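# Chain and residue survey
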Amino acid sequence: ELKVEQNPLFLSMQEGKNYTIYCNYSTTSDRLYWYRQDPGKSLESLFVLLSNGAVKQEGRLMASLDTKARLSTLHITAAVHDLSATYFCAVSHSNSGYALNFGKGTSLLVTP
Amino acid sequence: DAGVIQSPRHEVTEMGQEVTLRCKPISGHNSLFWYRQTMMRGLELLIYFNNNVPIDDSGMPEDRFSAKMPNASFSTLKIQPSEPRDSAVYFCASSLGTGATYSNQPQHFGDGTRLSIL
């Protein structure tokens, strides 16, 4: 069974600061995803990472993947209030039809 | 393009009643997934379909839960009889496929059905 651990689970940071969210997973995975969820809303896809060393960036968010360490990071640069949300890491494998195994999520609050 | 459409958005019903949740995937997507989100258990997969065929239902909690996909544009998740512990947000998601060709495609989620069983 694929297990996914995120840390931290809660993060309060000031606007303008940088921070990294970590995602560890237990067994070989074919794909790694990052999703964003605003309170009471759906999940919005941010990144899909496939290969070792993959790095993707969108605005103030950058995601990377180290398949050997079974680790992905989501780096936040110069945080702004609009980034406040819950961020989920998920992994999948072809053996399970690429169904998503989610981490518990990181609740991010960006304060002035 | 329309996204994944779920109905109803909210459902409040009494214990013992039958509940039916509905999902219309994105046109052209051939994989459909049902997930449940609770504070205690987070997001967990219930069942997924590929080309309308149920592939893995090991996440379905018990026999009270059933899911169907009669055609490529419609799926239902039914709970009968419902219990208070079934209260959760139920998400439907769809994706283009599961092969290498679509390896960089994410799953697209609907807005969810917020279910409360009294």
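Remember, predicted model here, so these are calculated numbers, not experimental data.

What counts and how
- Residues numbered from 1 in each chain as written.
- Chains lettered and ligands numbered in written order.
- Predicted model: local features only at pLDDT ≥ 70, side-chain atom pairs only at ≥ 80, totals over all residues.
- Heavy atoms only, no water.
- Disulfide = S-S within 2.5 Å.
- Helix = DSSP H or I, 4+ residues; strand = E, 2+ residues; numbered from the N terminus.
- Buried < 20%, exposed > 50% of the residue type's maximum accessible area, 1.4 Å probe, protein only.
- Contact = heavy atoms within 4.5 Å.
- Buried area = accessible area lost by both parts, 1.4 Å probe.
- Salt bridge = Lys/Arg side-chain N within 4 Å of Asp/Glu carboxyl O.
- Pairing = 2+ DSSP bridges.
- Axes fitted to C-alpha atoms, helices over the stretch in contact; angles between N-to-C directions.
- Phe/Tyr/Trp six-rings, centres within 6.5 Å; stacked < 30°, edge-to-face > 60°.

### Some thoughts on the state of the cysteines
Residues and elements named next belong to chain A. Throughout the structure, instances matching the rule amount to 2 disulfides over all chains. Disulfide partner of C23: C89, at an S-S distance of 1.8 Å. Across the S-S bond linking C23 and C89, the dihedral sits near -55 degrees, which makes this disulfide left-handed. Here C23, found in strand β3 (residues 19-25), pairs with C89, found in strand β9 (residues 85-92); they are 66 residues apart in sequence, far enough to count as distant. Of the two residues examined, C23 and C89, each falls in the buried class.

### So, the interface of chain B and chain A
Contacts between the two partners involve 20 residues from chain B and, on the opposite side, 18 residues from chain A. When chain B packs against chain A, close to 1600 Å² is buried across both sides, 55% of that on carbon and sulfur atoms. The tally of links between chain B and chain A comes to 0 salt bridges.

### Considering the sheet that holds strand β1 (residues 5-7) of chain B
All names here are of chain B. On the basis of which strands lie adjacent, the open sheet formed by 4 strands has the order β1-β3-β8-β7 and antiparallel pairing. Only two strands of the sheet have a single neighbouring strand rather than two, namely β1 and β7 (65-71). Neighbour-to-neighbour, the strand axes of this sheet turn through a mean angle of 15 degrees, independent of strand direction. Bridging between β7 and strand β8 (residues 74-79) involves 5 bridges; their strand directions are antiparallel. Bridge assignment links F65 to a residue of β8, and that residue is I79.

### Some words on the pattern of salt bridges
Residues and elements named next belong to chain B. Summed over all chains, the structure comprises 10 salt bridges over all chains. Note that E44 and R36 form a salt bridge whose closest N and O atoms lie 3.1 Å from each other. R64 serves as the salt-bridge partner of E62, at 2.8 Å between the closest nitrogen and oxygen. A relative accessible area of 27% means that E62 is categorised as partly exposed. With relative accessibility at 10%, the residue R64 sits in the buried group.

### Some remarks on the environment of G103(A)
In this structure, G103(A) sits in the loop between β10 (101-102) and β11 (106-111). Not counting chain neighbours up to four residues away, the residues in contact with G103(A) comprise V4(A), Q6(A), F88(A) and C89(A).

### Things to note about the packing of aromatic side chains
For any pair of aromatic rings, geometry is given as the distance between the ring centres together with the angle between the planes. Within this structure, the stated rule accounts for 10 aromatic pairs over all chains. Aromatic side chains F33(B) and Y35(B) sit 6.2 Å apart centroid to centroid with 20 degrees between the ring planes, which places their arrangement in the stacked category. Of the two residues examined, F33(B) and Y35(B), each falls in the buried class. In this structure an aromatic cluster arises from ring pairing among Y33(A), Y35(A), F88(A), F102(A), F33(B), Y35(B), Y48(B), F91(B) and F109(B).

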